[in-house]
Amino acid sequence: MDSDVILVIVIATALAFDFTNGFHDTANAVATTVSTRAMSPRAAVGLAATLNFAGAFISLEVAATVANGIVDAGVINEMIVFGGLIGAIAWNLVTWYFGLPSSSSHALIGGVAGAAFVAEGPDAVLSDGLIEKVLIPALVAPVLAFAAAGLTILLTYRIVGRLRPGPVNRGYRLGQVVSGSMLALAHGTNDAQKTMGIIALALIAHGDLAAGADPPFWVVVSAATAIALGTYSGGWRIMKTMGSRIIKMDPAQGFAAQGGGAAVILTASHLGFPLSTTHTIAGSVMGAGAARRLSAVRWGVAGNIAIAWVLTVPCAGAIGAAAFGASRIFGEGALGPVLVSLCVLTVIAGAFARRLQRGPALTAEA
Amino acid sequence: MRLAAVDTDALLELAWVAPLAAVVVSLTFSLLVHGAARASDARRGGRAGAATAYVALAVVAGLAFAATVVFGVIVITSKD
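What comes next concerns the included structure.

Calculation notes
- Residues numbered from 1 in each chain as written.
- Chains lettered and ligands numbered in written order.
- Predicted model: local features only at pLDDT ≥ 70, side-chain atom pairs only at ≥ 80, totals over all residues.
- Heavy atoms only, no water.
- Helix = DSSP H or I, 4+ residues; strand = E, 2+ residues; numbered from the N terminus.
- Rg over C-alpha atoms; globule rule 2.2 N^0.38 Å.
- Buried < 20%, exposed > 50% of the residue type's maximum accessible area, 1.4 Å probe, protein only.
- Contact = heavy atoms within 4.5 Å.
- Patch = residues over 30% accessible without salt bridge, like charges linked within 9 Å, V, L, I, M, F, W, Y side chains within 5 Å.
- Areas by Shrake-Rupley, 256 points an atom, 1.4 Å probe, with all protein chains shown as cover.
- Salt bridge = Lys/Arg side-chain N within 4 Å of Asp/Glu carboxyl O.
- Axes fitted to C-alpha atoms, helices over the stretch in contact; angles between N-to-C directions.
- Parallel < 35°, antiparallel > 145°, perpendicular 65-115°, else oblique.
- Left-handed = near helix turned anticlockwise from the far one by under 90°.
- Nonpolar A, V, L, I, M, F, W, Y, C, P; charged D, E, K, R; others polar.
- Core = buried A, V, L, I, M, F, W, Y, C linked by side-chain atoms within 4.5 Å.

**Description of the overall build of chain A**
Stage number 1. Regarding its fold elements, chain A presents 12 helices and zero strands.
Stage number 2. For chain A, the sequential pattern of α-helices and β-strands runs α-α-α-α-α-α-α-α-α-α-α-α.
Stage number 3. Whereas a compact globule of 366 residues would reach a radius of gyration of roughly 21 Å, chain A reaches 20 Å, a difference of no more than 12%.
Stage number 4. Its C-alpha atoms give chain A principal-axis dimensions of roughly 70 × 50 × 35 Å.
Stage number 5. Here chain A holds 366 residues, and the buried ones make up 58% of them.
Stage number 6. For chain A, the share of sequence-separated contacts (at least 6 apart) that also reach a separation of at least 24 residues comes to 87%.

Okay, structure coming up:
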């Protein structure tokens, strides 16, 4: 009975993480599209949600383990995954509240690593994996995207700089629809798989799924639906940061940021060196602004974003560790996860209620 | 070559291939926009020859841009 309840809680928490992953990362695909008025906010998030949903069905290469290569696969169980998910959800909500784009993947890795650290000790966390899969990509992605977008916007202005702005802006707005769609599709194929992997892991641990088997169809559909709904609900705060608080961009800069960012992400994926979409797009937005004029970038906002990136793994890890520890106080049964889930839901409801009392949050039109 | 846990060969390849890919995407699309805008101006100015040349530029650049998009979709859908 207890194991059934834990399974249900882990699946529900995984889908909740998938939802926050969707709304947190909407900005990567559509922020620049919305800010340059290439599409209306609702149309942009609708397209992104549809492509996220479709992307989830394209690739079913589900990771067999969470935080593969970073946490010792032998120690991962449902309780550690639950702690990790709570850490990732909490960090996603904190960064959303402050309108800061940060990597949901790194939050999940941090959460699971923190829970595993508390459960099994420091040996459960593989430092080489952390360097290879978190630290180096976190340094490479923004720098490379910054350079790529900077180069592309200089080239762009060189080619179209003397033309009438009307047709040029219309052209780049159309281009942004294409580049934004590519990013949304790539996001769906990447990020929904994480949730499928988590649910598959829980089903395997519960004895409902053979190890190495493809996830059941309902898992694919529910993961795709959760990320699409999250995307459609739109993380407007982060979108505002990404689309207009870092730089005020014109359609050519928007296309350079998205197109350059997409080129970096897909090249990296092709070479087997996956990068965070969030880090890449934030870097390319800064590059597209700085290449025109260094002072065009609000470096204070950029600094806050960088601080959020540095804090992602340790903070999600600390929350994941706390969630795991709090669950364990009540033993190995379902009571701990149930109580922790209720506490988290209460805190989230309280934060949203407070937000509503203070008036509408940042919206698409803000 | 691997330094500690990092595949430096992949990293170095990424460092030049990724900006190159970004430049190719930008170049093809910018030439498409340039060709289309100039063709429109040339038609309005009654310069049929120039208009045809710019349309040809736009078509070639458009095809090249479409090829990069198709390649991107292939990369997205063929992950392992």
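What follows picks up the thread again.
**Some words on a nonpolar patch on the surface**
Stage number 1. On the surface, Phe 53, Phe 57 and Phe 217 of chain A cluster together into a nonpolar patch covering about 300 Å² of accessible area.
Stage number 2. Residue position: Phe 53 of chain A is located in helix H2 (residues 41-58).

**Notes on the packing of helix H3 (residues 78-97) of chain A against helix H4 (residues 104-120) of chain A**
All names here are of chain A.
Stage number 1. Their axes nearest at 7 Å, the elements H3 and H4 cross at an angle of 140°. By the criterion of interaxial angle, the relationship of H3 to H4 is oblique. Read as a crossing pair, H3 and H4 show a hand that is right-handed. Seen from H3, the contacting residues are Ile 80, Gly 83, Gly 84, Leu 85, Ala 88, Trp 91 and Asn 92; seen from H4, they are Ser 104, Ala 107, Leu 108, Gly 111, Val 112, Ala 115, Ala 116 and Ala 119.
Stage number 2. Here the contact of H3 with H4 is built from residues that sort into 10 nonpolar, five polar and no charged.

**Concerning the nonpolar core**
As a rule of thumb, soluble globular proteins bury nonpolar side chains together.
Stage number 1. In this structure, Val 30, Val 71, Tyr 172, Met 239, Ile 246 and Leu 275 of chain A together with Leu 14 of chain B are the most contacted members of the largest nonpolar core, which totals 124 residues.
Stage number 2. The element contributing the most residues to this core is helix H6 (residues 165-206) of chain A, with 15 residues.
Stage number 3. In this view, Met 239 of chain A contacts Thr 26, Ala 27, Val 30, Ala 31, Val 34, Val 45, Gly 234 and Ser 244 of chain A; residues no more than four positions away in its chain are not counted.

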